[in-house]
Amino acid sequence: MSENACLMPRMTRNQAMALPQPLLLALLLTLAAILLPHALRLPAWITAAALGLGLWGYYLNRSGRRLPAGWLRGALTVGIGTGIVIHHGTFIGLQAGTALLVVMTALKLLELRRRRDLLVVLYLGYFLILTQFFHSQSIPSALYLLAAVWAMTAILIAVQQAPATATAQPQFRLAAGLLAQALPIMVVLFILFPRLPGPLWALPDDAHSGITGLSETMTPGAISELTRSDAVAFRVEFDGALPRRDQLYWRGPVLTAYDGYTWRRDSAAETPLPIYDIGTDTAIDYTIVLQPHTHNWLISLDRPITAPSRSRLNRELELVTASPVYDSRRYSLSSRASNTLPAALPPDQRQRYLQLPPDRHPKAQAQAQEWVAADKSEEEILEAAVRFFSTRPFTYTMNPPRMQRDAVDEFLFETQRGFCEHYASAFVVLLRAAGVPARVVTGYMGGEFNNVGDYMIVRQSDAHAWAEVWLPERGWLRADPTGLVAPQRIELGLGGAVADTEPVPRMARGDNSWGRQLRLYWDAVNQRWDYWVLGYGPELQQQVLARLGLVDSKRMATALIVAVATLLCLLSLFLLWETRRAPPDEASALFQRFCRKLARQGIVRQPHETATGFARRVADECPELAAKAELIATLYTRLRYEPTPREQWLQRLREAVATVPPR
């Protein structure tokens, strides 16, 4: 076999593509980095299978062994696909779809025969990067994924280039340049392109399964579990002075349906709110940036007197939206501290607010009947309930004992230890048993003022539940039994109301350390990110365009066309300049050097001659250079046209050209 034939043997049908080892290793490490955040959410066996398949593909390529037979790859595909269906119950959805995409990418590493297969792996890697944004859109996540895009683009450039360079620096520099050139176009399109109120297509049902927040149900322990999280629920900017601490009741779902254990929202409450008396106290104006929570309601300061766009007030004074809140949403509101509904409650509604299961809570029912037997009015019954909670030895704790039989009776008359949901639930049960309409309101209480950004942060640890009571001529009144037992919860927040040994999140403790101040600075950065990026919807876009003087669609379309055209022109000029200043590749330079040496000996390459044709003519006119000319032509051709040229070919071309005598 000749020396030229040994440079790169022809691949058989089941032979692995001969990739440069640094390139293959870079691809596998980049895919592993993309998979790393998914590994925290995917089943462990999916992650293990993906890593195993990736290492197997690396071994086959490095050792030059035959690729697995088609029947084996097919069996692996069917087996893993069946496992995904068994684990998730479906192929459809974010979790199942992501798992399938991960293993299919890994399986593709077992059939790298052509450059097309390698490109498919790279494109699948881009899709894997995209799926990360379903789980997190934070600044660190965006920077991490941008680095992954940079690496994938550099590998894509390396695959397309021939010959391969000895280092990865040129590819990473070119990839960075391409991303930098795309940045202005992205910014222009982001600002000017029409914003739609919802996604272009329906997302999977589990696309936002990792989002936490208030639920539309409440059971004992539900809110205490939520308050263990430091995650931001929403941020608030007030137009004027901050309200008093005891006015910071942030209204969320109102729960009226009760089965003896669980409180739920009532679908009948979706009817529009009738006109009601808003009181005479000063209105509080504010703007909320609400984090996604996957439900069709908004948070408001108790109680709202306006409804933002694409929402309305219902009969429970909830702000209801037409579709679930899947993205960060910004809206402005006005609220008053003492607004009331009309002093009349229709019989059907009154019955809803008195509903109790007949066979539950006998001790609470008996206590309520004592108040009724004393011929007390509804207002006096409310006062009796307040005294009941104020005078008994209740304890406010995040770790109440588990109730075995009857949660309300055991809490009221035995353990007397509970969190806000225990107090709100028991308070409403007592009042309903005494014939006083009442309901449970869930939401948040308090918040932390961030002096760095001049706004208030309300976290999941501020989650709270309280009661509302209907009194004739007075309407709905807020009653917070937790404040009767632990007034520090209202005045100081969660951290100031429970013992130091309880599992309270760090930011809820209220320390003034430098670490806390640093976290406030970081939250101010996130607040701007949420406001200008995640919350950049139709309303904010209209405000921005109005400031730019683009108040109508014609002006906006003109500005968009001009901006994109300008950017494309600048990009074209830049690419033209780069093309002119870019030096020829080394393989071409070496072959031209070889041609110049032979020209001095009288063998001049003609413009129409290919490298191989020129080598044949050299062999005819100068037989002693025949082998050298054939080797140089073969190396040059493969360096220019092979999809994955090898570095050693370039080194051999240097040596071969250097040994050709100039005369």
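Residues numbered from 1 in each chain as written. Predicted model: local features only at pLDDT ≥ 70, side-chain atom pairs only at ≥ 80, totals over all residues. Heavy atoms only, no water.

You can see T30 is positioned in helix α1 (residues 21-39). Given the relative accessible area of 10%, T30 is considered buried. Along the chain, T30 and A151 lie 121 residues apart, while their C-alpha atoms are 6.8 Å from each other. If sequence neighbours within four positions are ignored, T30 has contacts with A148, A151, M152 and I155. From its side chain, T30 meets the backbone oxygen of A26 in a polar contact 2.8 Å long. (Helix = DSSP H or I, 4+ residues; strand = E, 2+ residues; numbered from the N terminus. Buried < 20%, exposed > 50% of the residue type's maximum accessible area, 1.4 Å probe, protein only. Contact = heavy atoms within 4.5 Å. Polar contact = N/O pair within 3.5 Å; in protein donor to acceptor, adjacent residues only side chain to side chain.)

Attention now goes to the sheet that holds strand β3 (residues 249-255). The strands making up a sheet associate through hydrogen bonds between their backbones, and the pairing can be parallel or antiparallel. Strand order in the open sheet made by the 5 strands is β8-β3-β14-β17-β18, with antiparallel pairing throughout. Each having just a single partner strand, β8 (300-301) and β18 (475-479) make up the two edges of the open sheet. Where β3 lies against strand β14 (residues 438-445), 5 bridges are found, and the strand directions are antiparallel. Bridged to Y249 within β14 is M445. Packing against the sheet, helix α13 (residues 420-433) makes contact with β14, β17 (463-471) and β18, and its axis sits at approximately 15° to β17. (Pairing = 2+ DSSP bridges. Axes fitted to C-alpha atoms, helices over the stretch in contact; angles between N-to-C directions.)

What follows covers the packing of aromatic side chains. Per the stated rule, a full pass over the model turns up 26 aromatic pairs. Aromatic pair F388 and F389: ring centres 5.6 Å apart, planes at 75°, arrangement edge-to-face. For F388, a relative accessible area of 5% gives the class buried. Site record: aromatic cluster; members linked through ring pairs are W371, F388, F389, F394, F411, F413, Y423 and F427. A cation sits over an aromatic face here: R528 above Y531, 4.9 Å from the ring centre. (Phe/Tyr/Trp six-rings, centres within 6.5 Å; stacked < 30°, edge-to-face > 60°. Lys NZ or Arg CZ within 6 Å of the ring centre and 35° of its normal.)

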